[in-house]
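Each chain is listed here by its residues.
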Amino acid sequence: MESEICSKVGKCPLFNGHLLKRSGSEESYKNLFCRAGKEKWSSCMRYQTSEKVGMCADWILPNSSLTIEQIVQKMKEKGELVV
Ligand code: SF4
């Protein structure tokens, strides 16, 4: 079913193995978020950041404890987001 898998898998560096050094961690995130159904992948902070500002910095993890506002603020401070 299409909604089981996150719509951003094609472009997401975490899903495509470019972000984390340990592939075990990556697999865990994929199972907990990317492939876990819409409720889960839509709660991913990488997904939400991307929806909010059109991109997602590499340091943001699916289970980030920061709010979306804090993430956006931090991206601005780091110069990763030009608005
Ligand atoms: S659930 Fe999050 S980490 Fe997984 S593919 Fe979607 S945006 Fe990337």
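Residues numbered from 1 in each chain as written. Predicted model: local features only at pLDDT ≥ 70, side-chain atom pairs only at ≥ 80, totals over all residues. Heavy atoms only, no water.

*Asks:* Looking at this structure, I do not really get the nonpolar core. What am I missing?
*Replies:* Within soluble globular proteins, side chains that are nonpolar generally end up buried alongside one another. Listed in full, the eleven residues of the largest apolar core are C6, C12, L14, F15, L19, Y29, F33, C34, W41, C44 and Y47. It is helix α1 (residues 23-34) that contributes the most residues to this core, three residues altogether. In contact with L14, not counting residues within four places along its chain, are L19, L20, E26, Y29, K30, R46, L61 and P62. Membership of the second largest hydrophobic core comes to nine residues, among which are C56, A57, I68 and V72. (Core = buried A, V, L, I, M, F, W, Y, C linked by side-chain atoms within 4.5 Å. Buried < 20%, exposed > 50% of the residue type's maximum accessible area, 1.4 Å probe, protein only. Helix = DSSP H or I, 4+ residues; strand = E, 2+ residues; numbered from the N terminus. Contact = heavy atoms within 4.5 Å.)

*Asks:* Which parts of the structure should I look at to understand the pattern of salt bridges?
*Replies:* A side chain with one charge may pair with a side chain of the opposite charge, provided their charged atoms come close. Following the criterion strictly, the structure yields three salt bridges and no others. Across the pair K8 and E51 runs a salt bridge, and its minimum N-O distance is 2.8 Å. Of this pair, K8 sits in the segment before α1 while E51 sits in helix α3 (residues 45-53), and the two are 43 residues apart along the sequence. A relative accessible area of 21% places K8 in the partly exposed class. In this structure, E27 and R35 form a salt bridge, with 3.4 Å as the shortest nitrogen-oxygen distance. In this structure E27 comes out as partly exposed when scored by relative accessible area, which is 35%. Using a relative accessible area of 35% as the deciding quantity, one classes R35 as partly exposed. Put simply, E27, K30 and R35 are held in one network by salt bridges that share partners. (Salt bridge = Lys/Arg side-chain N within 4 Å of Asp/Glu carboxyl O.)

*Asks:* Would you take a moment to explain the layout of surface pockets for this structure?
*Replies:* Which parts of space are left empty comes out when a probe the size of a water molecule is rolled across the atoms. Roughly 280 Å³ of volume is contained in the largest pocket. Lining the largest pocket are 19 residues, and of these K8, K11, C12, R46 and S50 sit closest to its centre. Elements supplying a minimum of two residues to the lining of the largest pocket: α1 and α3. It is α3 that provides the largest number of residues to the lining of the largest pocket, a total of three residues. Each residue belonging to the lining of the largest pocket can be placed in one class, and the counts come to 14 nonpolar, two polar and three charged. (1 Å grid on protein atoms, 1.4 Å probe; cavity = no way out; pocket = protein on both sides within 12 Å on 5 of 7 lines; lining within 4 Å. Points joined across faces, edges and corners; volume = space filled by probe spheres on them. Nonpolar A, V, L, I, M, F, W, Y, C, P; charged D, E, K, R; others polar.)

*Asks:* Just to check I follow, could you spell out the environment of S3 for this structure?
*Replies:* Note on placement: S3 falls in the segment before α1. On the accessibility criterion, S3 (31% relative accessible area) is partly exposed. When the C-alpha positions of S3 and K38 are compared, they lie 5.5 Å apart, and in sequence the two are 35 residues distant. Not counting the four nearest positions on each side in its chain, S3 is found in contact with G37, K38 and W41.

Honestly, it's all geometry; don't read function into it.
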